[in-house]
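Below, each chain spelled out in residue letters.
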Amino acid sequence: MAYGYIGSMKTRPGKRDDVAAILLSGADTLAQHGCHSYVVGLADDDPDTIVVTEVWESKGHHDASLKLPEAKEAIATAMPMLTGDFTSREVSVVGGLGAPGPR
C-alpha cells in the first residue's frame, strides 16, 4: 500500500506565499524519487496556514526525499518563516486519482 502524508504549517504573517513557493520549487523532480502526488494548498480560513498532501510509493521513499540536498536547503530556507505550529497525519493510501491502487 502506498504511503500518504497530510501536514499543515503556520507561517509568520505575510510569509505564506513565500513558503508555498519554496515548497513548490522542487515539486517537478519528486516523481523520480517515488512521489505519486504532491499538492500544496493555502487554507481558505487562515491567511497564514499551508496544507500539504503527499502520496509516495512507500514511507521509505518519503523519508529518503527529505535527505536530498535540495530538500534540506528548502527546509532551511523556509524554517525562519514558520511559527513552529505544525500538524501531521500519516495514512495508508488505498487508491484514488493520482494514487496507485491496492497491492
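Note that the coordinates shown come from a computational prediction; the quantities given were computed from them, not determined experimentally.

Novice: Teacher, can you tell me more about the overall build of the chain here?
Specialist: Of the regular secondary structure elements, the chain holds 3 helices and 4 strands. Each helix and strand of the chain, ordered N terminal to C terminal, gives the series β-α-β-β-α-α-β. Relative to its length of 103 residues, the chain is compact, with a C-alpha radius of gyration of 14 Å against a globular reference of 13 Å. Judged by the C-alpha coordinates and their principal axes, the chain covers about 45 × 30 × 20 Å. With 103 residues in all, the chain has 33% of them scored as buried. Long-range contacts, defined here as pairs at least 24 residues apart, represent 70% of the contacts in the chain between residues at least 6 apart. Carbon and sulfur atoms provide 58% of the accessible area of the chain, an area that totals close to 6,200 Å².

Novice: Please clarify how the nonpolar core should be interpreted in this entry.
Specialist: Across soluble globular proteins, nonpolar side chains show a tendency to be buried alongside one another. Core analysis: the largest hydrophobic core is formed by 11 residues, namely Met9, Val19, Ala20, Ile22, Leu23, Val40, Ile50, Val52, Ala78, Met81 and Leu82. It is helix H1 (residues 16-24) that provides the largest number of residues to this core, a total of 4 residues. The contact partners of leucine 23, leaving out residues within four places of it in the chain, are Met9, Tyr38, Val40, Ile50 and Val52.

Novice: Just checking my understanding: could you explain the sheet that holds strand S4 (residues 82-93) for this structure?
Specialist: What links the strands of a sheet is backbone hydrogen bonding, and the strands pair in either a parallel or an antiparallel sense. Strand order across the open sheet formed by 4 strands is S2-S3-S1-S4, with antiparallel pairing between neighbours. The sheet terminates laterally at strand S2 (35-42) and S4, the two strands that pair on one side only. Across this sheet, the average inter-strand angle for adjacent strands is 15 degrees, counted without regard to direction. In the sheet, strand S1 (residues 2-11) pairs with S4 via 9 bridges, with the strands oriented antiparallel.

Novice: Help me understand a nonpolar patch on the surface in this model?
Specialist: A surface patch of nonpolar side chains, about 360 Å² in accessible area, is lined by Leu66, Ile75, Met79 and Phe86. Take leucine 66: it is sitting in the loop between helix H2 (59-65) and helix H3 (69-78). You can call leucine 66 partly exposed: its relative accessible area is 41%.

What counts, and at which threshold
- Residues numbered from 1 in each chain as written.
- Predicted model: local features only at pLDDT ≥ 70, side-chain atom pairs only at ≥ 80, totals over all residues.
- Heavy atoms only, no water.
- Helix = DSSP H or I, 4+ residues; strand = E, 2+ residues; numbered from the N terminus.
- Rg over C-alpha atoms; globule rule 2.2 N^0.38 Å.
- Buried < 20%, exposed > 50% of the residue type's maximum accessible area, 1.4 Å probe, protein only.
- Contact = heavy atoms within 4.5 Å.
- Areas by Shrake-Rupley, 256 points an atom, 1.4 Å probe, with all protein chains shown as cover.
- Core = buried A, V, L, I, M, F, W, Y, C linked by side-chain atoms within 4.5 Å.
- Pairing = 2+ DSSP bridges.
- Axes fitted to C-alpha atoms, helices over the stretch in contact; angles between N-to-C directions.
- Patch = residues over 30% accessible without salt bridge, like charges linked within 9 Å, V, L, I, M, F, W, Y side chains within 5 Å.
- Salt bridge = Lys/Arg side-chain N within 4 Å of Asp/Glu carboxyl O.

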